[in-house]
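Descriptive structure summary
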Amino acid sequence: MCYAIPGKVIEISDKIVTVDYFGEKKKAINELSNLKMGDYIYAQGGYVIKNIAEDEALAILSTWKETFFELQELDLRLSRMDSKKQGIDKKLALILDKSAEDLPVKDSELLYLLSLKKQHELELLFKVSNFLRQKHLGNSCCVHGIIEFSNYCSQDCQYCGISTNNKSLSRFRMSQDEIIDAAYLAVEKHGFKALVLQSGEDPAFSVKDLCKIIAEIKKRSPVLIFISSGEVGFTGLARLYQAGARGILMRFETSNPRIYKELHPKRDLESRIAHLKEAYKLGYLIITGGLIGLPGQTNEDILADIKLTRELNAEMYTFGPFLPHPETPLVKSPPPSVEAVLKTLAVCRIAGDKEAKIVVTTGFETLANRAREQGLIAGANSVMLNVTPEKFSKNYCIYPNRAHSKEAIQKQIDATLKILRNLGRAPTDLGITHG
Ligand code: SAM
C-alpha cells in the first residue's frame, strides 16, 4: 500500500530539491545526507522522507502511470465549472466569479457566502471551491495517520470529553514501546508517510519522553511526524523539532477571545497563538483551525478564524464541528448543521491560502455519514485515518460515537481509497516547499 508516488530528483540546490512526477515538478526540503541527482524519493508535506531504490521506484511508477492520468482526468471532469448560473442572484454570481478567478473577495462578500441557505446556491459555492482546489492543487489528496496515545489531560476545555473534569471516562496511556510499535506498523505495514502523535496534555509524558519517542520512530522508519499534545512551551517546541518532529497539529479552537476564555478557563488565546507562531518560526508545518458551531459563535467569528488560520501560515486547515459530549457543561448545546461545516470548508478554500490543504475531520464524519465525499467536493483535499490500536482508540472519546473508532485500520484504508478513486483523487502528497 502506498500513499505517495516516488519522484525523481532533477535538481538539488542546497536544501531544496526539485522532484519530477510524471512531468510535474515540485520542490521539497531535503534533510537526507546522501541524496544525489537522479535518485528516486518519497516526499510528504514538502519534505523528502525517503530515498528508494531505482528498480523499486520504476516498478511502482509503472503501476501508477496509467492510474495517475486516469484519476487526473476524472477529477478534472468532476471539478469543471458550470458556466450556467440560472436562478442565482447577481450578487452571488459576481462573488463566485471573482472567487473562481482568484480576485480579492471582500469580507462582506465572504460573510454573504457563509450565510447562504438555498440548496442550489450552496451547490454552486461548493463547485467553485472544488474548482479552486483542482486549479491550485490538482488531484492529490494527502492521507495522514493519527495515533492518539493518551487520553489523560490536565486541561478543562468545556466541550471536550477527555477534559480533566470527566471523572467517568476510562483513561488509557500507551507505553512508549506501544506508541513506537504503532507508528512502525502504520509506516511499514500500512504505508503511511505522515503521522500525527496526539494526546491530551498528559503530565506523564515529559518533553524528554516525547523526544525519545519521536527519535525512535524516525530511527526505525522514515516518516513525517506532527506533534499534537497541546502547549508544550517554546523550549519544548524547539526540542521536539530537534528530535525530528516537523509538524504541529494544534487548533486555536476559536479566534474570539471571549468565547475562548469561557471554554478554556485555565488558558488564554494569546498563549495558544504564540505557540503556533513560534512553531512556524522554528520551521514546523502548521495544521490549525477552529471548531464550528460553538455556543455564541457567529459567522463573523468563523470568518475571523479562517483569516487567522491563514495568518498563521497553516499548510493544512482543520475546521470541524463542535459535537456535544454528555459529560461536559456543553451537553445541551446543539452541533452545527452539515451545511454550516461545508460552507466553512468552501470559504476556507476561497479565502485561505491557495496552496493550503483542507482536511475533512473525523468530527465532520461523525456528524454526517457522507462527510468525506461531501467535504472533498466542497474544497477539501485531505483526510486523517486513525491508526491507534483498536483497544485504545475507543476510549479517546472527545465526543460520543466517534466515526471509525471501532474500525480496523485496513478497513478504513480500503474505504478511503475507494472514495478517493471514485472522485479521481490520488492518495498522495506530492509536497510543496514551505517557508
Ligand atoms: N491536547 C491537544 C491540544 O490541545 O490540541 C490535542 C488533543 S485535543 C482533544 C484535540 C482536538 O479535539 C481539539 O483541538 C478540539 O478541537 C477537538 N475536540 C475536543 N472536544 C471536541 C468536541 N466536543 N467536539 C469536537 N471537537 C472536539
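What counts and what doesn't
Residues numbered from 1 in each chain as written. Predicted model: local features only at pLDDT ≥ 70, side-chain atom pairs only at ≥ 80, totals over all residues. Heavy atoms only, no water. Pairing = 2+ DSSP bridges. Helix = DSSP H or I, 4+ residues; strand = E, 2+ residues; numbered from the N terminus. Contact = heavy atoms within 4.5 Å. Axes fitted to C-alpha atoms, helices over the stretch in contact; angles between N-to-C directions. Core = buried A, V, L, I, M, F, W, Y, C linked by side-chain atoms within 4.5 Å. Buried < 20%, exposed > 50% of the residue type's maximum accessible area, 1.4 Å probe, protein only. Domains from an automatic or database assignment. 1 Å grid on protein atoms, 1.4 Å probe; cavity = no way out; pocket = protein on both sides within 12 Å on 5 of 7 lines; lining within 4 Å. Points joined across faces, edges and corners; volume = space filled by probe spheres on them. Nonpolar A, V, L, I, M, F, W, Y, C, P; charged D, E, K, R; others polar. Expected span 1.5 Å × (residues − 1). Parallel < 35°, antiparallel > 145°, perpendicular 65-115°, else oblique. Near = heavy atom within 4 Å. Polar contact = N/O pair within 3.5 Å; in protein donor to acceptor, adjacent residues only side chain to side chain. Areas by Shrake-Rupley, 256 points an atom, 1.4 Å probe, with all protein chains shown as cover. Buried area = accessible area lost by both parts, 1.4 Å probe. Salt bridge = Lys/Arg side-chain N within 4 Å of Asp/Glu carboxyl O.

**Considering the sheet that holds strand β6 (residues 142-150)**
- One closed barrel accounts for eight strands, arranged β6-β7-β8-β9-β10-β12-β14-β15; its pairing is parallel.
- Judged from the five bridges that link them, β6 and strand β15 (residues 382-386) form a sheet pairing that is parallel. Considered in β15, the bridge of H144 is made with M384.
- Helix α6 (residues 207-220) contacts β6, β7 (194-199) and β8 (224-228) of the sheet and is inclined by roughly 160° relative to β8.

**A few points about the nonpolar core**
- Counting 122 residues, the largest nonpolar core has L113, I147, L195, L197, L240 and Y284 as its most contacted members.
- Sorting elements by how many residues they give to this core places helix α11 (residues 338-351) first, with eight residues.
- In terms of domain composition, this core takes at least three residues from each of domain 1 (7-77) and domain 2 (137-423).
- Filtering out sequence-adjacent residues up to four positions away, L113 remains in contact with L92, I95, L96, L125, K343, V347 and I350.
- Core analysis: the second largest hydrophobic core is formed by 21 residues, A28, L35, Y42 and I60 among them.

**Here's the deal with the environment of A4**
- Within the secondary structure, A4 is located in the segment before β1 (7-13).
- You can call A4 buried: its relative accessible area is 1%.
- Along the chain, A4 and S62 lie 58 residues apart, while their C-alpha atoms are 14 Å from each other.
- When sequence neighbours within four positions are dropped, the list of residues in contact with A4 reads Y42, A43, Q44, K193, P427 and T428.

**A short note on empty space enclosed by the protein**
- Tallied over the full model, the rule gives one cavity of 30 Å³ or more.
- Of the volumes computed, that of the largest cavity is approximately 930 Å³.
- Every residue lining the largest cavity is counted, 45 residues in all, and those nearest its centre are Q198, R251, E253, Y396 and I398.
- Looking at the lining of the largest cavity, the elements with two or more residues in it are β6, β7, β13 (320-321), α12 (362-367) and β15.
- Here the lining of the largest cavity gets three residues from one element, more than from any other, and that element is β15.
- Residues of the lining of the largest cavity, tallied by class, amount to 20 nonpolar, 17 polar and eight charged.

**Some words on helix α9 (residues 269-282)**
- Between the first and last C-alpha of α9 there are 20 Å, a value that for 14 residues agrees with the 20 Å anticipated at 1.5 Å per step.
- Restricting attention to buried positions, one finds in α9 the residues L269, R272, I273, H275, L276, E278 and A279.
- Looking at the buried residues of α9, the elements they touch are α7 (234-243), β9 (247-249), α8 (257-263), β10 (285-288) and α10 (299-311).

**A closer look at the packing of helix α2 (residues 90-100) against helix α4 (residues 119-137)**
- At their nearest, the axes of α2 and α4 sit 10 Å apart, and the two run at 10° to each other. Viewed along their axes, α2 and α4 adopt a mutual orientation that is roughly parallel. Two secondary-structure elements touch here, α2 through L92, L96, S99 and A100 and α4 through E121, L124, L125, V128, F131, L132 and K135.
- When grouped by side-chain class, the residues that make up the contact of α2 with α4 number eight nonpolar, one polar and two charged.

**Examining the site of the ligand**
- The ligand sits among 19 residues. The nearest are Y159, R251, E253, R272 and L323.
- The separation between a nitrogen atom of the ligand and a polar main-chain atom of S199 is 2.9 Å.
- Within the backbone of L323, one N or O atom sits 2.7 Å away from a nitrogen atom of the ligand.
- When isolated, the ligand has an accessible area of 560 Å², and the protein chains bury 92% of it.

**Here we look at the domain arrangement of the chain**
- Domain annotation for the chain reports domain 1 (7-77) and domain 2 (137-423).
- For the pair domain 1 and domain 2, the summed buried surface comes to about 1,300 Å²; carbon and sulfur atoms form 59% of the total.
- The largest share of the area that domain 1 buries against domain 2 comes from Q44, Y47 and I49, three residues that together contribute 42% of it.
- Counting across the domain 1 and domain 2 interface gives one salt bridge.
- Between R246 and E31 there is a salt bridge, with its nearest N and O atoms 3.0 Å apart.

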